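In case you want the letters, here they are:
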Amino acid sequence: MSGLHSTIERSFRRPARSARAAVDMRERHGGRRMSAGITIAAAVLVAGHFVHLLATAGAYPAGRDPWAAWIALAVVLAGGVVSRLFSPRMPAWVYLALFTALAVPVGLDLVATQGLLHLGVAPTAAAASAVVLMPVTTLRGRRVPVVVAGVIGAAIAIVSLLQLPAAGSLVVVGVAVAASAVLPVVVAALAIVGFRRLVGRELDLSLVQSTVQTPRSAVGMRASEELARLDFDAESLLEDVGSGRLPIPLPTDAALRAGALAAKLRVRLIEGRSDTWLKHAVTESAYLSRRVTIDDPEGDAGVLAPAQRDGLLLTLWLIAGERRPRRAAGARVVVRVRSEPFDDDERGPLAIEIEVSGVARRHLDPAIWDALGSLGSHEVVSTSDSIRIELVCPVDPNAPAAASAPRGARTRGR
């Protein structure tokens, strides 16, 4: 085998077991804490708007009811809490009903406070109605709650600006209330986006780090599940033959299915002879697979010790995580692994070359150099927008040679 072994020839698809583990970790651990924190923050802000109402309730003239809007909001909140008790995921109909019902307290509050800004009276229940959408951003999509909060905030701001001739500088109070309705929801949505991105990256790293302790030629998660499916299909076919459900010789369709299974098994077994932990780690990572290309035709990376594997994987992870300009959006990290010449009694060090395009050295995380220290000695050649890291990694001289090539057939290459 020769040439580059691209790891992005097909779109990434997380194996089912690891996907379930990632979702479970995000939803049941950190996700719950994030949701609880946002809910508490929303409750504090709603309480603040209610205190604002209590402070200005005496300024309402006769005939204006400041409490109707808050009673309506309390009914909406009670309905939302009850629905959550029966369905934690908030069904679509409850989602839509919540947005529709919020129009009632918003409308009542805007009508009750219309023309009273010169007295210092500003909408409170309307702003609180927008704030209660903060926990919704953790349950369903983020865009709709932000849009709805923006509409409520715009309504408060417009009503306030229309009172400019009478209210004068007190219009600032109305605009501030409008901002207090929108900004918390926007911040909550941004926090959710950042949290999910962070947790997704960390979970992906934790999952692919399982390859660090695997044997040299062990199959990865994707290959393991594929082999399990092939084994099940082959076992089902043999059971049909053994039970007499399929006659001998096999019908045409069954013979074609048996041939396809045999071909897939042969391809998987041949590929697995040179596949190492490094190729599995990159291929099965949703982040590394998009940017990193492995050139290790002889499977030399398999002789690295666990600490060296962990350092190399962390290095690639930190490099791939760097933000790049749009002009370098298609740039990749190329990792070439070659073994130094060796004889029957002793193995030389491993030569690893990491080429990075589209990022300058000053933009790399300093932790990269600490990770490289666990591999061995390294030399860096950098330009304005590319880096080449040349590593010399000492390895166990008694480590077994790759099964895919004769011992005397390998030479060092670049």
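For the structure itself, look to the data block above.
Residues numbered from 1 in each chain as written. Predicted model: local features only at pLDDT ≥ 70, side-chain atom pairs only at ≥ 80, totals over all residues. Heavy atoms only, no water.

Chemist: Help me out: how do you make sense of the overall build of the protein chain in this one?
Modeler: Per the secondary structure count, the protein chain includes 14 helices and five strands. The buried share of the protein chain, taken over its 414 residues, is 42%. A fraction of 76% describes how many contacts in the protein chain between residues 6 or more apart in sequence connect residues 24 or more apart. If you sum the accessible surface of the protein chain, you get close to 21300 Å²; carbon and sulfur atoms cover 62% of it. (Helix = DSSP H or I, 4+ residues; strand = E, 2+ residues; numbered from the N terminus. Buried < 20%, exposed > 50% of the residue type's maximum accessible area, 1.4 Å probe, protein only. Contact = heavy atoms within 4.5 Å. Areas by Shrake-Rupley, 256 points an atom, 1.4 Å probe, with all protein chains shown as cover.)

Chemist: Please explain helix H6 (residues 143-161) as it appears in this structure.
Modeler: Within an α-helix, residues lying three or four positions from one another point in the same direction, as the helix has 3.6 residues per turn. Here H6 contains 19 residues, and its C-alpha end-to-end distance of 26 Å stays within 8% of the 27 Å for a straight helix at 1.5 Å per residue. Buried residues along H6 sit in contact with helix H3 (92-101), helix H4 (103-113), helix H5 (125-131), helix H7 (164-167) and helix H8 (171-208). (Expected span 1.5 Å × (residues − 1).)

Chemist: Can you help me understand the nonpolar core in this one?
Modeler: Nonpolar side chains in soluble globular proteins tend to end up buried together. Counting 43 residues, the largest nonpolar core has Trp70, Leu102, Leu133, Met134 and Ile156 as its most contacted members. Every element with two or more residues in this core is listed here: helix H1 (16-56), helix H2 (68-86), H3, H4, H5, H6 and H8. Listed in part, the 37 residues of the second largest apolar core include Val335, Leu372, Ile387 and Ile389. (Core = buried A, V, L, I, M, F, W, Y, C linked by side-chain atoms within 4.5 Å.)

Chemist: Explain the packing of H3 against H4 to me, please; I cannot follow it from the model alone.
Modeler: Geometry of a packed helix pair, given as the angle between the helix axes and the separation of the axes. The contact between H3 and H4 brings their axes to 5 Å, and the two run at 10 degrees. With respect to their mutual orientation, H3 and H4 come out roughly parallel. Here H3 contributes Phe99, Thr100 and Ala101 to the contact with H4, which in turn contributes Ala103, Val104 and Pro105. When grouped by side-chain class, the residues that make up the contact of H3 with H4 number five nonpolar, one polar and no charged. (Axes fitted to C-alpha atoms, helices over the stretch in contact; angles between N-to-C directions. Parallel < 35°, antiparallel > 145°, perpendicular 65-115°, else oblique. Nonpolar A, V, L, I, M, F, W, Y, C, P; charged D, E, K, R; others polar.)

Chemist: Honestly, the pattern of salt bridges in this entry has me stumped. Any pointers?
Modeler: Any two side chains of opposite charge can pair, given that their charged atoms come close. Across all of its chains, the model carries five salt bridges by this definition. Across the pair Arg338 and Asp295 runs a salt bridge, and its minimum N-O distance is 2.9 Å. Taken as a pair, Arg338 in strand S2 (residues 333-339) and Asp295 in strand S1 (residues 292-295) lie far apart in primary sequence, 43 residues in all. As far as burial versus exposure is concerned, Arg338 and Asp295 are alike and both buried. With its nearest N and O atoms 3.3 Å apart, the salt bridge here joins Glu353 to Arg336. Within this pair, whereas Glu353 is found in strand S3 (residues 350-357), its partner Arg336 is found in strand S2, the two being separated by 17 residues in sequence. (Salt bridge = Lys/Arg side-chain N within 4 Å of Asp/Glu carboxyl O.)

Chemist: Honestly, the packing of aromatic side chains in this entry has me stumped. Any pointers?
Modeler: Evaluated as defined, the whole model comprises two aromatic pairs. Their ring planes at 55 degrees and their centres at 6.4 Å tell us that Phe50 and Trp67 sit as a pair that is tilted. Placement of the pair is Phe50 in helix H1 and Trp67 in the loop between H1 and H2, with a sequence separation of 17 residues. Since its relative accessible area comes to 32%, Phe50 is described here as partly exposed. On the basis of relative accessible area, Trp67 is assigned to the partly exposed category, the value being 36%. Taking 5.1 Å as the distance between ring centres and 75 degrees as the angle between the ring planes, the aromatic pair formed by Phe50 and Trp70 counts as edge-to-face. Of this pair, Phe50 sits in helix H1 while Trp70 sits in helix H2, and the two are 20 residues apart along the sequence. Since its relative accessible area comes to 10%, Trp70 is described here as buried. Taken together, the ring pairs connect Phe50, Trp67 and Trp70 into an aromatic cluster. (Phe/Tyr/Trp six-rings, centres within 6.5 Å; stacked < 30°, edge-to-face > 60°.)

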